[in-house]
Amino acid sequence: MDVRVDVLVVGAGPAGLALATRLAQAGAGRVEVLEREQHAGGMPYHLHHGGFGRPPRPWLDGPAYARRWVRDAVDAGAAVRTGVTATGWAGPLCLETTGPAGLERITARAVVLATGARERPRSARLVPGSRPQGVMTTGELLRSVHQHALPVGRRAVVVGAEPVARHAAAVLRGSGTAVAAMLTEHPYAAAVPGVPLLTRTTVTELRGRGRLTGLAIRHRDGRTGLLGCDTVVFTGDWIPEHELARRGGVPLDPGTRGPRVDASFRTEAPGVFAVGNALHGIERAATAAREGAAAAAPVLAHLEGAPWPQPGPALEVRAPLLWVTPNRITGTAGRPLLLRSGAPLTAPVVTATQDGRTLWRRRLAGPASPSRSLRVPPRWTVRADRTGGPVVLTLG
Amino acid sequence: MTVTRSGPLPDSGDPYDVTVVGAGVVGSAIARALARLPLRTALIDASDDVGSGTSKANTAILHTGFDAVPGSLESRLVRDGQRLLASYAAQSGIPVEPVGALLVAWNEEQLAALPALADKAVRNGYRSARILAAADVRSREPQLGPGVLGALHIPDESLICPWTTTLAYATQAVRAGVHLHLNCPVLSVTPGEPHTLTTGRGPLRTRHLVNAAGLYADDIDRFLGHADFTVTPRRGQLIVFDELARGLLRHILLPVPDARGKGVLVTPTVYGNVMLGPTAEDLDDKTDTGSTAEGLALLREKGRRILPALLDEEVTAVYAGLRAATGQEDYAIRAHPRQRYVTVGGIRSTGLTASMAIADHVVDLLAEGGLPVTGAREPDPVRMPNLGEAFPRPYRDAAMIAADPDYGRIVCHCERVTRGEIRDALASTVAPASPDGLRRRTRARGGRCQGFHCGAAVRALFEEARR
Ligand SMILES: Cc1cc2nc3c(=O)[nH]c(=O)nc-3n(C[C@H](O)[C@H](O)[C@H](O)COP(=O)(O)OP(=O)(O)OC[C@H]3O[C@@H](n4cnc5c(N)ncnc54)[C@H](O)[C@@H]3O)c2cc1C
Ligand SMILES: Cc1cc2nc3c(=O)[nH]c(=O)nc-3n(C[C@H](O)[C@H](O)[C@H](O)COP(=O)(O)OP(=O)(O)OC[C@H]3O[C@@H](n4cnc5c(N)ncnc54)[C@H](O)[C@@H]3O)c2cc1C
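Note that the structure is predicted; figures quoted are calculated from it, not measured.

Asker: When you look at the pairing of strand β7 (residues 94-99) of chain A in this model, what are you seeing that I'm missing?
Answerer: Look at any regular strand and the pattern is simple: side chains alternate between the two faces of the sheet. All names here are of chain A. With 6 of 6 residues buried, β7 is to be regarded as a mostly interior element. Here β7 shows no split at all, with C94, E96 and T98 on one side and L95, T97 and G99 on the other all buried. Note that strand β6 (residues 85-91) and β7 share 5 bridges and pair antiparallel. By the bridge assignment, W89 is partnered in β7 with L95. Linking β6 back to β7 in an antiparallel pair, the connection comprises 2 residues. Relative to strand β8 (residues 102-113), β7 is paired through 6 bridges, and the arrangement is antiparallel.

Asker: Quick question: what am I supposed to make of the site of ligand 2 here?
Answerer: All names here are of chain B. In the vicinity of ligand 2 lie 36 residues, with D45, S55, T59, I61 and T353 positioned nearest. With respect to ligand 2, the backbone of A46 contributes an N or O atom lying 3.0 Å from a nitrogen atom. Measuring from a nitrogen atom of ligand 2, one finds a side-chain N or O atom of H63 at 3.3 Å. In the complex, the protein chains occlude 94% of the 1000 Å² of accessible area that ligand 2 would expose alone. For the shell around ligand 2, the secondary-structure elements that each account for two or more residues are α1 (25-34), β19 (315-325) and α8 (351-368).

Asker: So what exactly am I meant to see when it comes to the site of ligand 1 here?
Answerer: Residues and elements named next belong to chain A. The immediate surroundings of ligand 1 are formed by 34 residues, with E35, H49, N277, E283 and A285 found nearest. Taking P14, its main chain carries an N or O atom lying 3.2 Å from an oxygen atom of ligand 1. Contacts to ligand 1 include R36, whose backbone N or O atom sits 3.1 Å from a nitrogen atom. Among the residues making up the shell around ligand 1, the classes are represented as 18 nonpolar, 11 polar and 5 charged.

Asker: How should the interface of chain A and chain B be read in this particular structure?
Answerer: Interface size is commonly expressed as the accessible area that is lost once the parts come together. Chain A puts 46 residues into the contact, and the matching count from chain B is 47 residues. A buried area of about 3900 Å², summed over both sides, lies between chain A and chain B, and 50% of it is on carbon and sulfur atoms. For the chain A face of the interface with chain B, the top three residues by lost area are A:L126, A:R131 and A:E140, together amounting to 16%. Our enumeration of links across chain A and chain B arrives at 6 salt bridges. The salt bridge partner of B:R416 is A:E243, with a shortest N-O separation of 3.3 Å. Our enumeration of links across chain A and chain B arrives at 18 residue pairs in polar contact (both at pLDDT 80 or more). Among the secondary structure elements, those contributing two or more residues to the side of chain A that touches chain B are β6, β7, β8, β9 (117-119), β10 (135-137), α3 (138-147), β18 (238-240) and α5 (243-247) of chain A. At 4 residues, α3(A) tops the list of elements feeding residues into the side of chain A that touches chain B. In the side of chain A that touches chain B, the residues fall into 15 nonpolar, 15 polar and 16 charged.

Parameters and conventions
- Residues numbered from 1 in each chain as written.
- Chains lettered and ligands numbered in written order.
- Predicted model: local features only at pLDDT ≥ 70, side-chain atom pairs only at ≥ 80, totals over all residues.
- Heavy atoms only, no water.
- Buried < 20%, exposed > 50% of the residue type's maximum accessible area, 1.4 Å probe, protein only.
- Helix = DSSP H or I, 4+ residues; strand = E, 2+ residues; numbered from the N terminus.
- Pairing = 2+ DSSP bridges.
- Near = heavy atom within 4 Å.
- Polar contact = N/O pair within 3.5 Å; in protein donor to acceptor, adjacent residues only side chain to side chain.
- Areas by Shrake-Rupley, 256 points an atom, 1.4 Å probe, with all protein chains shown as cover.
- Nonpolar A, V, L, I, M, F, W, Y, C, P; charged D, E, K, R; others polar.
- Contact = heavy atoms within 4.5 Å.
- Buried area = accessible area lost by both parts, 1.4 Å probe.
- Salt bridge = Lys/Arg side-chain N within 4 Å of Asp/Glu carboxyl O.

So, in structure tokens, the structure goes:
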């Protein structure tokens, strides 16, 4: 079946729903949001803890927060369709879908990728050993416990010590699984009361046939050990769900592994936008929603015929920085740039240069941590030469 | 239809006419061949599923046998097996993709070895191999790393689905009346007329016995008083890359072989990903299918040389399989007619390809031992669900979805596996005994997220069916 809409948003998480709400409110025509899960709401649907909502007073739990976004989008007049997967492209702005009602080709005037992110599983991290049951990611843990009430295990180890890892530990305990340890390669992290925290530690092998029996570990100073457990949760290490982008030939940024966008969320494929965790891996829900809302104006401008800009100079990072979004400078950025460091630094100085010229330099207020993005004010981007070489960000 | 997984073995008073020990691809093929005959046949395996030994973890190539030892039994059975399996696959819905292979020469020595390999192919009855110049290789495979000097092109090397192959054989055998007993390890054998096998689920009596126990074929042999060979497990570790890497190559990229075996190759799979491996490590432990840091590092180093861009892609899975090496350069298929016993040993790195030809050969050997082989009837054909990416899959099939909306309900998003397929697999003749078994029947949870999105839903469907 062939269908036409004005805006097609793929992914009904906070980012996609916030955008759809704004667009529908602004009278953007037919705005449709596709969600492959049975429920709209994205990741927060699976997060049964409080702390969601508009700062400065976050008070909702995840499902309530998800429901609120769905209601807002529907009330504004957007169509939110669940159980429908965008599987590929039939044209530059035409997506193929599969759902229980059959196959469709949906052509839109603007397509928005709001497909979220996933954690890299054990295999992608190349953790050696056997292939027993009891090995999962936080995503699987949450769904096992909250959505399907499946038993998890008796004794678990959590790999990672970032906020998501602490959340995994809480969910494990809540479901009756003891948490034997949390471990991280980083030199320090915040511990969860009652759970031993092993820093500077890596998993060197998974053991067990049938069911996991333990993990071989190694400390950076060479000490090794064995942790007995029947469950291990690999947390963090996010990667955008970029399949649709790649299948559509939408160029990715090598740092984020998400579609490369400018400050207006425009990818390098005319008419295709990208927002939320699909751009950079995990951020707080409010950040994803804010990106979605901020993309409304450029999407509307595109619908009204604004020209798609030439890709301006690329924004690049150097170690210890891992990535920055946006990834191109095509106009003045109106919102802070997000910047992620791979190493902790106490008083980091950010420097932006282009073709050997320093555009901007500042000492940031807080420390840099691998688990949190830094926000860099956008004003200096006006100083970049639109026809010059890449703008390089460094951290020292 | 008889498939048992627990409790004492059913006892009908009469012994089985034939029992096949080992439900890998080889044992299942033998059981299927026997199912054509009016006999009481049993197929038994120590594990909880068919094809869960070496047969589940290989490089899944349907070989031409161009590089076998000319004149060997393996050479003949691989060549015949390739033809038989290719046509069986076409009838049964097992995906096969004839992508062809390139044996890539990276140095002068390897280049110099190509003409001899082309000759060897001819001596193995394979006449289509051609030597290609470097420029031709590069235009066929633009992503190859620097330094390619030439290649031998084997146009008929193909990709196949190893999981549905074993499953098709076993399904067809069971539907034709073969008894499949799983979780049924053979602990010892008392030879006699009939033989009595002591299994983990009680005694089993059988007139004829086929030993297709893979890595443990030497143990079963010893129970019957034979010590012809010893199986040494030779581990092969493999890295499976994301489906998004599939566009990087068109052929199976083989190294020029050395004494240790076929070496590390890069190959597409019928599921649409790219596989890098295997290693070749001789071990003592027949159960050690773990991967190691050294093995993975070695594969990455070799892979980077062959196809540099591959290393930037996400890894979907890491596997290891164990080949049954015997120190001999041929299959160790031995008949002991007076004992009404056949050993199918040493089926190292070509057993998937040769399986149907091995089966026919074994039936002939059983006949020499007095097994009546008259009255053969072709069993009803089977139609396996398609797991191949190059063939229509349910999520893309409007007619299937219209007839049953469950084929439009995608459960495993990375692999696009629908609820309808999972439901069908759970209700199939040889049903899965674990989520891993379900994965080998549907691909569910086998994709890049390894369960982040679908793991819980797939497990829930599995648990629900088991209740
Ligand atoms: C364990 C954990 C704890 C967290 N805790 C907090 C917290 O306390 N506070 C907070 O603010 N944030 C928290 N977050 C982060 C928050 O959940 C995310 O930032 C937010 O959900 C991102 O929104 P999104 O719309 O970009 O992506 P998602 O919420 O991931 O939504 C993307 C949607 O796209 C759908 N989709 C993808 N591909 C397709 C396709 N091809 N067709 C159709 N649909 C598709 C997916 O099914 C998904 O529903 C947490 C996250 C996790 C994992
Ligand atoms: C890394 C690797 C790559 C390969 N690549 C290819 C390829 O590309 N193409 C190809 O054609 N071949 C390939 N092979 C070879 C192929 O996989 C094997 O030859 C084939 O799977 C052997 O099948 P099998 O049935 O003999 O053994 P298995 O699959 O191991 O089956 C033996 C069965 O016997 C059972 N068993 C053992 N002992 C007992 C007992 N005491 N009681 C009851 N049951 C018992 C086991 O549980 C097992 O299921 C490869 C092999 C490896 C390891």
